Amino acid sequence: MKTPRTVFVALLAAAALTACAGPGDEPAGPDPTGAAPVTTQPEPTPSASPSRPDPTWKGGPSTPPGVGGTTLSGTIRAGVEPNCLLLDDHLLVGGPRDLLKAGAKVEVTGRPEPGMMTTCQQGTPFVVESARRA
């Protein structure tokens, strides 16, 4: 009967000691391999979020795409999720929502961001830099 209690107390003590360590705590001693400890730097915060475009931006004339940029044109269609707009299987992220509506014929300039996470379940995210009616 003493063995299960002893194991339980040891596990409880180990859990309590582990909970005391914070994410920024340094190791107690040097690394046995002699390697320097690895520290992580926080990711830089982007100055503008593609999901929250500048509210004063109204689109305007189409501009030539920059390096890595693309121009798409066609008719926008609604996605299966609310507020999701698709153009040629690209999910439009950002841009002037008064211009970008389902059924509108437009030309948009921007860049695809295939790794971007969105709440829309279809299309490759495409961050809109400029838009105009086609």
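Please refer to the structure higher up on the page.
Calculation criteria
Residues numbered from 1 in each chain as written. Predicted model: local features only at pLDDT ≥ 70, side-chain atom pairs only at ≥ 80, totals over all residues. Heavy atoms only, no water. Pairing = 2+ DSSP bridges. Helix = DSSP H or I, 4+ residues; strand = E, 2+ residues; numbered from the N terminus. Contact = heavy atoms within 4.5 Å. Core = buried A, V, L, I, M, F, W, Y, C linked by side-chain atoms within 4.5 Å. Buried < 20%, exposed > 50% of the residue type's maximum accessible area, 1.4 Å probe, protein only.

Participant: Looking at this structure, I do not really get the pairing of strand S4 (residues 90-93). What am I missing?
Facilitator: Consecutive side chains of a regular strand alternate in pointing toward one face of the sheet and then the other. Across two bridges, strand S3 (residues 85-87) lies against S4 in antiparallel orientation. For Leu87, the partnering residue across the bridge sits in S4 and is His90. In this structure, the hairpin formed by S3 and S4 is closed by a connection of two residues, where Asp88 is found at a positive phi of approximately 50°. Direction of pairing for S4 relative to strand S6 (residues 124-133): parallel, over a ladder of four bridges. Paired with Leu91 across the bridge in S6 is Pro125.

Participant: I keep staring at the environment of Ser73 and nothing clicks. Help me out?
Facilitator: Position of Ser73 among the secondary structure elements: in strand S1 (residues 70-75). For Ser73 and Leu87, which are 14 residues apart along the polypeptide, the C-alpha to C-alpha distance reads 7.6 Å. Every residue in contact with Ser73, bar those within four places of it in the chain, is listed here: Leu87, Asp88, Val106 and Glu107.

Participant: Any chance you could explain the nonpolar core here in plain terms?
Facilitator: For soluble globular proteins, nonpolar side chains are generally found buried alongside one another. Counting 13 residues, the largest nonpolar core has Leu92, Leu100, Val106, Val108 and Val128 as the members making the most contacts within it. Those elements that place two or more of their residues in this core are S3, strand S5 (105-112) and S6. Ranked by residue count, the leading element in this core is S6, at three residues. The next biggest cluster of nonpolar side chains, apart from the first, holds five residues, and it includes Cys84, Leu86, Leu91 and Cys120.

Participant: Is there a simple way to think about unusual backbone geometry in this case?
Facilitator: With a phi close to 65°, Asn83 is a non-glycine residue in the positive phi region. Looking at the element boundaries, Asn83 is found in the loop between strand S2 (77-78) and S3. By relative accessible area, Asn83 is classed as exposed at 74%. Non-glycine residue Asp88 carries a positive phi angle of around 50°. Mapped onto the fold, Asp88 is located in the loop between S3 and S4.

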